[in-house]
Amino acid sequence: MRKTYPLRPEGKHPDRVLDAVKHDIRKYMKRERRRDLPEGADFWDFDCRFGATQDTAEVVQPSQLTGLLDVLAQGGADHCYVELLAKPAVWQRREAAVNEEPDHPAQSVDGLDTDTPSHDDAPR
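Residues numbered from 1 in each chain as written. Predicted model: local features only at pLDDT ≥ 70, side-chain atom pairs only at ≥ 80, totals over all residues. Heavy atoms only, no water.

So, the nonpolar core
Counting 21 residues, the largest nonpolar core has Ile25, Val82 and Leu84 as its most contacted members. Every element with two or more residues in this core is listed here: helix H1 (14-33), strand S2 (43-51), helix H2 (65-74) and strand S4 (79-89). For Ile25, the contacting residues outside a window of four places in its chain are Met1, Tyr5, Leu65, Leu69, Val82 and Leu84. (Core = buried A, V, L, I, M, F, W, Y, C linked by side-chain atoms within 4.5 Å. Buried < 20%, exposed > 50% of the residue type's maximum accessible area, 1.4 Å probe, protein only. Helix = DSSP H or I, 4+ residues; strand = E, 2+ residues; numbered from the N terminus. Contact = heavy atoms within 4.5 Å.)

This is the structure:
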């Protein structure tokens, strides 16, 4: 989707127009995620560009779109350009997190904290 949205059309409240633009973006992303994935892909990812015009659009994360749209609208912009292109992606596994040693007593391997008494040590 490559689209330029008017943010201040004649006769419409700017807040409602902004809500409609956000809804259209979310609807597009939801529709693209419903498509069948190709072999070997885990999910649909999006290449995203956003700006006041197509020439000034910058690469952003899809999760930042609504926040940037709010900032642009509060700045008084008349239009915004949104480019969302779906692409299949594969989850990247984090190997380093699995192999790290616990560096905090609460993250011990056996799950027991040796500094505090257990319920078995309590007097009866």
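Still to come is the rest of the account.
Some points on a positive patch on the surface
A contiguous patch of positive charge on the surface is contributed by Lys27, Lys30, Arg31 and Arg34. By secondary structure assignment, the location of Arg31 is in helix H1. The class for Arg31 is partly exposed, based on a relative accessible area of 40%. (Patch = residues over 30% accessible without salt bridge, like charges linked within 9 Å, V, L, I, M, F, W, Y side chains within 5 Å. Areas by Shrake-Rupley, 256 points an atom, 1.4 Å probe, with all protein chains shown as cover. Salt bridge = Lys/Arg side-chain N within 4 Å of Asp/Glu carboxyl O. Lys, Arg positive; Asp, Glu negative; His and termini not counted. Charge placed at Lys NZ, Arg CZ, Asp CG, Glu CD.)

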